[in-house]
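Report on the structure
Here is how the chains run, residue by residue.
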Amino acid sequence: MNYPSQTRALWTAVISVPLLFVAIAALQVKIDATTRAYTPESDELLLRSGSAVRQMSLGYDSLLADIYWTRAVQYYGSRAGIDGVKFDVLWPLLDIATTLDSKLIVAYRFGAIFLSEPSPAGAGRPDLAIELVKRGIAENPDNYYLSGDLGFLYYWRMKDYPKASAAYLEGSKIPNAPSWLKMMAARIAEKGGSLETSRMIWSEIYESTKDKTVRDKAMEMLRGLRAQEDEAQLDELAQEYKNRFGHFPASTSDMHDAGLLRGIPADPAGYPYVFGADGKSGLDPQSPVVIPPKLNPPPEESK
Amino acid sequence: MSATVGPVAINTFREAVRDRVLYNLVLFALMMIGAAILVGEISIGIERLVIINLGLTAISIFGLVMAIFIGVGLVYKEIEKRTLYSLLAKPIRRWEFLVGKYAGLLLTLAVNTAFMTLGLAVALFYVGRHFERSDASILVAIYFILLEFALVTALALFFSCFTSPMLSTLYTLGIYITGVFADDIRSVGDFTRNPTILAVTRTLYYLVPNFHNFNAIAAAAHGTAIPFSLVWQNTLYAALYVALLLLAASAVFSRRNLK
């Protein structure tokens, strides 16, 4: 091949290849749009049996478990927060991941969160979350974190305080388990459902995790619990205000003017509390604080 | 198209047809489809589904194996057997030789796929005793598989221009697997929320040939209509990528010292 011909071929490629890449990328954007429009959201999983997948893994079950766990995270992440969404394949994915690698602690712990969170933040299946964590405990009896998680699920999601206390107590018996597990067991047995106990559990979660998402969630719950506690106190003071003046206060300023409050109380996000016509305090509509659902109060608090 | 490309393509096709491996693969694919009938007999309600899935998968896998293993040897074999020198002594340019070789293998794959499609159609008729209107999706899926072959063959040919068959196979397979998981690569970037990883995965997503585009097997099995817009978009996508690879292959091959 002569020199000009070589040079011509080279220059044609140098000029055309980048242009073609740009055209290909633009076309890919169009294909993505077409594919999204015609491909139905499919929640299909060819193999739902973990043991079947294990047999087909040819000894690479640990790697496959990682892949299945990653898919579970992606599956959850792509759906969480969307109203009306279903998480039909979440349990099979977690089931397969933990069957393939029974030591995959992260799958038990985070999988339980994904399953137990109420919709649309999660699958709203605390029963399956408990099954998953129980399986994790059976496979990893020396892991006290899983016992803590089980206690949390019974306490927060199922509101079954005796079982929650028992789970924490079981965890506290594991060698090298932290002392707070025993404290938690005793605390729940004594005062299950109290704001104080809830705060203790979430504080422990906040302190013990390194994961940012879980820490953020724990902080959100702690802020919500604080607001819940503030509201309970404000409601009591509003009743006292009514006893004095014959009507409920319109705002916290009224209570401050009446000398019932030293300052204007604000929620953890800095927004002042507001009052309804029924004298019940509440959060400012602009406030990002979320009040967690109320648990069954212990007998002494309900009196 | 140059008049010299045709004879090279025809000769490549003839050479491939003479190759016994080719017949074995066709036979094997037909055996797979036969096995699908047996699977259909022992399962309930999914006979058609199994046959379509297994048939299209077999067509895809055997075609890909052929595209890669024959494609990587297209240029190398000619150099190794020294037949290239006598060819290039004739009034034929190097790019014409490459395009001819490429077209010849593509023709082989098309003929091979046609036979396998026939086998699939027979198997499908055997279990259903009739064809359905939605079966048109199967033909579209097969067309997409052919587009996939065109891309893989171009990749294999490109690598075979400057490296050994072994390495060409590894590179082609590597890019093919990356392309199949292109969607997942992009998802990983989206989930990490790390701007650097996001930029890398996005670039990779648009850079590697996206073989995920051509996967319509599930849609065909469930009788889902495939929009015409996707057909022309995929056709154009494959054509552009093949043009890109052939241009790059021509540039590399034209500068290669064959002495």
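Residues numbered from 1 in each chain as written. Chains lettered and ligands numbered in written order. Predicted model: local features only at pLDDT ≥ 70, side-chain atom pairs only at ≥ 80, totals over all residues.

Before going further, it helps to spend a moment on the overall build of chain B. Each helix and strand in chain B was counted, giving 12 helices and 0 strands. Helices (α) and strands (β) of chain B occur, in sequence order from the N terminus, as α-α-α-α-α-α-α-α-α-α-α-α. Among the 259 residues that make up chain B, the fraction classed as buried is 42%. (Helix = DSSP H or I, 4+ residues; strand = E, 2+ residues; numbered from the N terminus. Buried ≥ 20, exposed ≤ 12 C-beta atoms within 10 Å, placed from the backbone.)

In this section: the overall build of chain A. A count of helices and strands for chain A gives 13 helices and 2 strands. Here chain A holds 303 residues, and 31% of them are scored as buried. For chain A, the proportion of contacts with a sequence separation of at least 24, taken over those separated by at least 6, is 51%. (Contact = placed C-beta atoms within 7 Å.)

Looking now at the interface of chain B and chain A. Listed by partner, the interface residues are 25 residues for chain B and 23 residues for chain A. Of all the secondary-structure elements, those providing two or more residues to the side of chain B that touches chain A are helix 6 (94-128), helix 9 (182-192), helix 10 (195-207) and helix 12 (228-254) of chain B. Among the elements that make up the side of chain B that touches chain A, the one with the highest residue count is helix 12 of chain B (15 residues). Along the lines of polarity and charge, the residues of the side of chain B that touches chain A split into 15 nonpolar, 8 polar and 2 charged. (Nonpolar A, V, L, I, M, F, W, Y, C, P; charged D, E, K, R; others polar.)

To describe two helices that pack against each other, one gives the angle between their axes and the distance between the axes. Residues and elements named next belong to chain B. Close contact between helix 6 and helix 12 brings their axes to 9 Å; oriented N to C, the two are set at 135°. In terms of their interaxial angle, helix 6 and helix 12 are classed as oblique. You can see that helix 6 and helix 12 cross each other, and the crossing is right-handed. Where helix 6 abuts helix 12, its residues Arg94, Trp95, Leu98, Val99 and Tyr102 lie against Leu246, Ala249, Ser250, Phe253 and Ser254. The residue makeup of the contact of helix 6 with helix 12, split by class, is 7 nonpolar, 2 polar and 1 charged. (Axes fitted to C-alpha atoms, helices over the stretch in contact; angles between N-to-C directions. Parallel < 35°, antiparallel > 145°, perpendicular 65-115°, else oblique. Left-handed = near helix turned anticlockwise from the far one by under 90°.)

The next subject is the packing of helix 6 of chain B against helix 7 (residues 136-160) of chain B. Residues and elements named next belong to chain B. Where helix 6 contacts helix 7, the axes come no closer than 10 Å and their chain directions differ by 150°. Relative to helix 7, the element helix 6 is oriented roughly antiparallel. Crossing hand, helix 6 versus helix 7: right-handed. Across the interface between the two elements, Leu98, Lys101, Tyr102, Leu105, Leu106, Leu109, Ala110, Thr113 and Thr117 from helix 6 touch Ile142, Ile145, Leu146, Phe149, Ala150, Thr153, Ala154 and Leu157 from helix 7.

A word on unusual backbone geometry. All names here are of chain A. With an omega dihedral of 5°, the bond running from Ser119 to Pro120 counts as a cis peptide bond. The residue Pro120 is located in the loop between helix 5 (105-116) and helix 6 (126-139) in this model. Although it is not a glycine, Lys159 sits at a positive phi angle of roughly 55°. Mapped onto the secondary structure, Lys159 falls in the loop between helix 7 (144-157) and helix 8 (161-172).

For an α-helix the count is 3.6 residues per turn, leaving residues at separations of three or four pointing the same way. Residues and elements named next belong to chain A. An ideal rise of 1.5 Å per residue puts 16 Å on 12 residues; helix 9 (residues 180-191) measures up with 15 Å between its terminal C-alpha atoms. Every buried residue of helix 9 is accounted for by Leu181, Met184, Ala185 and Ile188. What you see down the axis of helix 9 is that its buried residues fit within an arc of 100°, all on one side. Looking at the buried residues of helix 9, the elements they touch are helix 7, helix 8 and helix 10 (195-208). (Expected span 1.5 Å × (residues − 1). Arc of directions from axis to C-beta.)

All right, on to the environment of Trp202 of chain A then. Residue and element names in this part refer to chain A. Relative to the helices and strands, Trp202 resides in helix 10. For the pair Trp202 and Lys217, spaced 15 residues apart in sequence, the C-alpha separation works out to 9.1 Å. Not counting chain neighbours up to four residues away, the residues in contact with Trp202 comprise Ala218, Met221, Leu222 and Leu225.

Right, let's get into the confidence of the model for chain B. Averaged over chain B, the pLDDT score is 83; the fraction of residues at 70 or greater is 89%. Complex prediction metrics read pTM 0.63 and ipTM 0.73. (pLDDT = per-residue confidence, 0-100.)

Residue and element names in this part refer to chain A. When the pLDDT values of chain A are averaged, the result is 82; 88% of them are 70 or greater. Here helix 13 (residues 299-302) stands out as the element of chain A with the lowest mean pLDDT, 42, in contrast to helix 6, whose mean of 94 is the highest. Here residues 298-303 scores under 50 on pLDDT; set against residues more than four positions off or in separate chains, the count is 6 contacts.

On to the environment of Met221 of chain A. Summarising the element assignment, Met221 of chain A is placed in helix 11 (residues 212-245). Every residue in contact with Met221 of chain A, bar those within four places of it in the chain, is listed here: Trp202 and Pro292 of chain A.

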